[in-house]
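Okay, here's what each chain looks like letter by letter:
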Amino acid sequence: MSTDSGSTPGWMLGNAEAVLDTAAALHTLAALVDTEDDRVTTSMGSTALALGWHGDLVDRGDQAAGSVSSLFSRVAGDLRAAAEALTGLGELLSSHGPQLTSLHQQVLDIATALLWSDLGTAGQQDAEAARDDLNQHRRLLAAELDDADRTCRDLLQSATVALQDLARPQVATGFLRSSVPSEVWSVFRDRGLVDSDLEQSLAEVALACTTSAELWALLAEVDADRLDGFLRRNPTLAHRLTLDYHPQNPDDPALAGLYAAAGPLDLTGGSIAVDPARIADIASYWQGLRPDERTRLRAYYPALIGNLDGIPVPHRAAANSWLVDAARDQAEAEVAQLLDGGDPRRLAAAQERLALFTQLSPPGDTGRTVPVLDGGRVILPAGAPAVLAFDTRADGRFAQWHGPFGASNVAVYVPGTGTDLGSISTVDALMRRLVTEPDTAGISWLGTDLPDTVPAAAWTRYSEDGGESLLRFTEGLGLADDQSLTAIGYSAGGGIVAWADMIGAKFDRTMLLAPSGAAVGLPLNTPGSYPVAAWDGSAREVQRFTQTAPGDLIVLAQRSNDARALLGFGGLTGIGVGLFGGLGHGSDPNTHDQIIRVETGRFCEPDEQQPCGGTRVGEVNPHSAVTWPDSDAWHNTVGVVTGGTVLPYRSQVIGDLFWIIPVHENVYVNDAYPGTNPVPIEAVTPTGVLWGPMLGHLVKDLAS
Amino acid sequence: MGWIMSFVGIDIEATAQAARALRESSQVLGDAVGTVTTAWLATPLAGSLTASLLGPFQVAARLCLRDAQREVATLGDELSTLTANVRLSVGHHARVMT
């Protein structure tokens, strides 16, 4: 046999439809690029007119629209060329593929007959002749496909080389420049909206810099008013400045002054930790700088400025925008490279990172309608996200402010176990929901290393480290006296909020959602109650709330300390502390005499008010359901943040333990219960320590 | 004062409208980056000459579109900043004059 069954490459029998679909998608993409080319050209033309250019709009439009040198149109052309190459191959595949499959089967049939049937000499010769004819036909078809493949490859290669020529990430590629006539471009250059010739030269020299010091020295040549725009237009330079969280530049007195104000920084815990007592000094030093000095500090040292508590919120946000851009571009480049035959696992990870950085802080409706200005210059546009912490190392650090900066009600939300940079967007979504309330802002906060697993979450250090970090962060927000601050902590985040409260954070209210503990009490060697004064001795008044859904096993963590307390009664406290040193998160928040327990209640329709009438919160996934919107639990959280209403927790006696201790049950366990009426938050008070109900609950919970 | 004078003759509304158009354009181009997906064809076309080019083509196309998107977005931001600054200066004058 001259051609056996294995001689036809598999791809020739493959999926022509997929190739044609891809070609069609590339055609669509090319058309889209053409459309955007037109829009960009028109926008730039109208802008030039608006900026005082007196050219002829019609002529300019004709010239721009008819331009064949626009980089946009070249990209569209290359995409179209690739699409046509694939179309050619796909069409041939769709006609030849089925024929080849059929011929392949016929040859197999003949081979089988020759092997197993007695065809006789004449029959055998006829069969062999037929087989040879079929194989000849196969070879012809395959040769045509080979030719088409070669042509497709060549066209694709030409398109790829052309695109590679355009994609020069090191310098500004000139898409905009190529879309308009030179006199229009001059208007943009003269108005300072694009790089001047000098700045272009400077950018090219700066790309050759090998150290930050060299780069800083060159950037000093750029006027401070133009520095942001220059770096945006030359992102490779901007990205180089985002890597150092503790930059050293002996030639920069402004940086030296900032370090002097901040005092010793501790960078060992994955964050930039500063003595809380220095935070006001940092803020004060920052305010004392000139706007151009602040611009340079943000641009030169964005990782430090974006993550240093005490730097005012809009300035942190402006600095962190450099970090987010750099992370997104790095992920994009990584994905692009790995798509070219890289390790699939690394590719999947890079794609996840790209999706993350793209979805984190998307521009859009931020709840802020006016830009933030400094020295007459916009430093944070109204639609720009306000990222207040950003670090992609390890599990990551992140914080984002949603809503107006001047909102009367400000909430900071601390998530629970397992949350990292890859999952913080869930919290972001919650905060975006929260800030639909009037005059309200919400901050998603991942400013500490959260435990990765439930067993790990038992370690006290997570509450301690996180609590100290949260105190510093909220202190650094610099809120005005008429702004209230509510700290919301979920699960392990509840322990963190409680710890920050215990060490004197200046919260107005706290809401512990299914918290790991109250941070106070045995065996933590912490006080049994929250202090009246703030960490710096100033007066504070904190109203504390908590809610845990019935059936949530977090009660085992919350009440583990009760068992230790009982050991204490037996004179065995030392043993309890010794055995469980470093574990636990303090007393049960549900029964602490400084915390108001509220009712998780039921789910609602989206526009329904309390008390809700749907399924009881906790019937499904009780631990996380307490955070879900459209429920009594959510309304409670909103009520605490906005100074509204909550549902007080109610229980009823359903029996007794040892004929002495009453056993209580939550009223919402009864499906017929009509619902508790909401009460203004200022009208509810803690119930105090109730040992009987507490033990009764413990027994009931453990039994269930 | 010289800085404010440089704004004389600017049509703020037209500039703001152009800034919005550029932002939309940037969004479309950004979304387009993710739609360049040819590399997956390398599996069904494995063994062909074309297959070896699908990855590099996709890389180049994505980076190119990203560059374009960035340029458009940056100019849109610059125009937004310009309009904000002009509005500020106009508002400042109005307050002084009244």
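This text goes with the structure placed above it.
In short, a report on the structure. (Residues numbered from 1 in each chain as written. Chains lettered and ligands numbered in written order. Predicted model: local features only at pLDDT ≥ 70, side-chain atom pairs only at ≥ 80, totals over all residues. Heavy atoms only, no water.)

**Observations regarding the overall build of chain A**
Next up, step 1: Scanning chain A from N- to C-terminus turns up 24 helices and 16 strands.
Next up, step 2: With 704 residues in all, chain A has 52% of them scored as buried.
Next up, step 3: Summarising the internal contacts of chain A: among those between residues at least 6 apart in sequence, 73% fall at separations of at least 24.
Next up, step 4: As presented, chain A carries roughly 29,600 Å² of accessible surface, and 55% of it is formed by carbon and sulfur atoms. (Helix = DSSP H or I, 4+ residues; strand = E, 2+ residues; numbered from the N terminus. Buried < 20%, exposed > 50% of the residue type's maximum accessible area, 1.4 Å probe, protein only. Contact = heavy atoms within 4.5 Å. Areas by Shrake-Rupley, 256 points an atom, 1.4 Å probe, with all protein chains shown as cover.)

**Let's talk about the interface of chain A and chain B**
Next up, step 1: At the junction of the two partners, chain A supplies 68 residues and chain B supplies 60 residues.
Next up, step 2: Of the roughly 5,300 Å² buried between chain A and chain B, counting both surfaces, carbon and sulfur atoms make up 70%.
Next up, step 3: The largest per-residue losses of area from chain A upon contact with chain B belong to Trp11, Glu332 and Leu339 of chain A, which jointly make up 10% of the total buried on that side.
Next up, step 4: Viewed at the interface, chain B and chain A are joined by 5 salt bridges.
Next up, step 5: Arg62 of chain B serves as the salt-bridge partner of Glu332 of chain A, at 3.2 Å between the closest nitrogen and oxygen.
Next up, step 6: Summed over the shared surface of chain A and chain B, the number is 12 residue pairs in polar contact (both at pLDDT 80 or more).
Next up, step 7: The biggest single contributor to the side of chain A that touches chain B is helix H1 (residues 16-50) of chain A, with 15 residues.
Next up, step 8: The residue makeup of the side of chain A that touches chain B, split by class, is 40 nonpolar, 14 polar and 14 charged. (Buried area = accessible area lost by both parts, 1.4 Å probe. Salt bridge = Lys/Arg side-chain N within 4 Å of Asp/Glu carboxyl O. Polar contact = N/O pair within 3.5 Å; in protein donor to acceptor, adjacent residues only side chain to side chain. Nonpolar A, V, L, I, M, F, W, Y, C, P; charged D, E, K, R; others polar.)

**Comments concerning the packing of aromatic side chains**
Residues and elements named next belong to chain A.
Next up, step 1: Scanning the entire structure with this criterion turns up 10 aromatic pairs over all chains.
Next up, step 2: One aromatic cluster is present, built from ring pairs that chain together Trp216, Tyr300 and Tyr301.
Next up, step 3: Its end group placed over the ring of Trp322, Arg232 keeps NZ or CZ at 3.8 Å from the ring centre.
Next up, step 4: In this structure, Arg393 packs its charged tip against the face of Tyr245, placed 4.1 Å from the ring centre. (Phe/Tyr/Trp six-rings, centres within 6.5 Å; stacked < 30°, edge-to-face > 60°. Lys NZ or Arg CZ within 6 Å of the ring centre and 35° of its normal.)

**A short note on unusual backbone geometry**
Residue and element names in this part refer to chain A.
Next up, step 1: Cis geometry is adopted by the peptide bond preceding Pro611, which originates at Gln610 and carries an omega value of -5 degrees.
Next up, step 2: Topologically, Pro611 is positioned in the loop between strand S12 (595-597) and helix H22 (622-625).
Next up, step 3: Residues other than glycine seldom take positive phi values, yet Asp439 does so here, at roughly 55 degrees.
Next up, step 4: Structurally, Asp439 is set in the loop between helix H17 (424-434) and strand S8 (440-446).
Next up, step 5: In this structure, Ala514 takes a positive phi of about 40 degrees despite not being glycine.
Next up, step 6: Its place among the elements puts Ala514 in the loop between strand S10 (509-513) and strand S11 (543-547).

**Quick look at the side chain of Thr548 of chain A**
All names here are of chain A.
Next up, step 1: With respect to the helices and strands, the residue Thr548 is situated in the loop between S11 and helix H20 (554-569).
Next up, step 2: Using a relative accessible area of 2% as the deciding quantity, one classes Thr548 as buried.
Next up, step 3: Here the side chain of Thr548 touches Gln558 through a polar contact of 3.0 Å, side chain to side chain.
Next up, step 4: Non-local contacts of Thr548, meaning those with residues more than four positions away in its chain, are made with Ala514, Pro515, Ile554, Val555, Gln558, Asn590, Arg597 and Thr600.

**Side note on the pattern of salt bridges**
Next up, step 1: If you walk through the whole model with that rule in mind, you get 29 salt bridges over all chains.
Next up, step 2: Close ionic contact of Arg393 of chain A with Asp391 of chain A constitutes a salt bridge, the shortest N to O distance being 2.7 Å.
Next up, step 3: Arg393 of chain A sits in the partly exposed class, given a relative accessible area of 49%.
Next up, step 4: Put simply, Glu36 and Arg39 of chain A together with Glu24 of chain B are held in one network by salt bridges that share partners.

**Notes on the sheet that holds S8 of chain A**
All names here are of chain A.
Next up, step 1: Pairing is mixed in the open sheet, where 8 strands are placed in the order S5-S6-S8-S7-S9-S10-S11-S12. Two strands lie at the open edges of the sheet, namely strand S5 (386-391) and S12, each paired on one side alone. Shown here is a sheet whose adjacent strand axes are inclined to one another by a mean of 15 degrees, direction ignored.
Next up, step 2: Examined bridge by bridge, S10 and S11 share 5 bridges and lie parallel to one another. Residue pairing in the sheet places Met511 in a bridge with Phe545 of S11.
Next up, step 3: Seen against the sheet, helix H15 (residues 313-338) touches S5 and strand S6 (397-402) and runs at an angle of roughly 55 degrees to S5.
Next up, step 4: The strands touched by helix H18 (residues 460-476) within the sheet are S5, S6, strand S7 (409-414), S8 and strand S9 (484-490), with S8 carrying the most contacts at an inclination of about 140 degrees. (Pairing = 2+ DSSP bridges. Axes fitted to C-alpha atoms, helices over the stretch in contact; angles between N-to-C directions.)

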